[in-house]
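Report on the structure
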Amino acid sequence: MRTKDTYSEYKLHVEWRYPVEASNSGVFIHAQLPDTIWLRTFECQLKAGSAGDFVCMNGATMNEQKNNSRVVNKMSASSEKPIGEWNIMEVTCNSNTIEVYVNGVQQNKGTGLSSSSGHICLQSEGKDIEFKNVFITKLSNSKRK
């Protein structure tokens, strides 16, 4: 799913769970058009065991990437809840920085982003995932494009 509008300077709240078995999914931040299978975007990973990793996709870049890797590993041990329980991801996008918290634990911070605005997408890759209570709060200096 992709938002119709583009956003910058906001906080995104997403609750998710894998109802039956662990799987792979993600929240795409600053996603760029055109719609393709793999957008130019920053993925906030929801893959079981890796929630909070960044995946810089299709040319998206940030300062924290090392050795030409697309993946920027999370900063802390997994803070995910067991299968069937609801998790909370909070993503703050401020200027060219993204911060990600999973269940109240800071998992990642990306700086020097190659894009600082775009669409927001929710991904399902492979198996069932459920989302609820998804909302965007504009930061005080935000602009809706």
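Scroll up to find the structure this text is about.
**So, the pattern of salt bridges**
Evaluated as defined, the whole model comprises 4 salt bridges. Note that Arg2 and Asp35 form a salt bridge whose closest N and O atoms lie 2.9 Å from each other. A residue pair is termed long-range when its members are at least 10 positions apart, and Arg2 in the segment before β1 (7-17) and Asp35 in the loop between β2 (24-32) and β3 (40-45) qualify at 33 residues. Take Arg2: its relative accessible area is 35%, and that puts it in the partly exposed class.

**What about the environment of Met75?**
By the element assignment, Met75 lies in the loop between β5 (71-72) and β6 (87-94). Taking the C-alpha atoms as reference points, Met75 and Lys109, 34 residues apart in sequence, are found 8.3 Å from one another. Leaving out residues up to four positions away in the same chain, Met75 has contacts with Gln106, Gln107, Asn108 and Lys109.

**A look at the nonpolar core**
Counting 27 residues, the largest nonpolar core has Val27, Ile29, Met89, Val91 and Ile98 as its most contacted members. Among the elements of the structure, β1, β2, β3, β4 (54-57), β6, β7 (97-102) and β9 (119-125) are those that each provide at least two residues to this core. Per-element tally for this core: the top contributor is β1, with 5 residues. Filtering out sequence-adjacent residues up to four positions away, Ile29 remains in contact with Tyr10, Leu12, Thr41, Phe42, Cys44, Val91, Cys93, Ile98 and His119.

**Here's the deal with the environment of Ser50**
For Ser50, the location among the structural elements is in the loop between β3 and β4. Excluding residues that lie within four positions of it along the chain, Ser50 makes contacts with Gln45, Lys74 and Glu80.

**Considerations on unusual backbone geometry**
Residue Pro34 is reached from Leu33 by a cis peptide bond, and omega for that bond is 10°. Summarising the element assignment, Pro34 is placed in the loop between β2 and β3. Notably, Asn133 is not glycine yet its phi reads approximately 45°, a positive angle. Here Asn133 lies in strand β10 (residues 130-144). Given a relative accessible area of 43%, Asn133 falls into the partly exposed group.

**Digging into the pairing of strand β8 (residues 105-110)**
Two elements, β7 and β8, share 5 bridges in a ladder whose sense is antiparallel. Paired with Val100 across the strands is Asn108, a residue of β8.

**Describing the state of the cysteines**
Evaluation of the coordinates by the stated rule reveals 0 disulfides. Looking at the unpaired Cys56, the closest cysteine sulfur is the one in Cys44, lying at 9.9 Å. Accessibility expressed as a relative area gives 2% for Cys56, which makes it buried. Summary of cysteine pairing: Cys93 is not part of a disulfide, and the nearest cysteine sulfur, belonging to Cys44, is at 7.0 Å.

**Focus: the packing of aromatic side chains**
One pass over the full model with this rule turns up 1 aromatic pair. Measuring from ring centre to ring centre gives 6.2 Å for Tyr7 and Tyr10, while their planes differ by 70°; the resulting arrangement is edge-to-face.

**Some details on the sheet that holds β4**
Here 5 strands make up an open sheet; going across it, the order is β5-β4-β3-β2-β9 and the pairing antiparallel. Every other strand in the sheet has two partners, leaving β5 and β9 as the edge strands with one partner each. Here 5 bridges tie β2 to β3, and the two strands are oriented antiparallel to one another. Looking at β3, one finds that Val27 is bridged to Cys44.

Conventions used here
Residues numbered from 1 in each chain as written. Predicted model: local features only at pLDDT ≥ 70, side-chain atom pairs only at ≥ 80, totals over all residues. Heavy atoms only, no water. Salt bridge = Lys/Arg side-chain N within 4 Å of Asp/Glu carboxyl O. Helix = DSSP H or I, 4+ residues; strand = E, 2+ residues; numbered from the N terminus. Buried < 20%, exposed > 50% of the residue type's maximum accessible area, 1.4 Å probe, protein only. Contact = heavy atoms within 4.5 Å. Core = buried A, V, L, I, M, F, W, Y, C linked by side-chain atoms within 4.5 Å. Pairing = 2+ DSSP bridges. Disulfide = S-S within 2.5 Å. Phe/Tyr/Trp six-rings, centres within 6.5 Å; stacked < 30°, edge-to-face > 60°.

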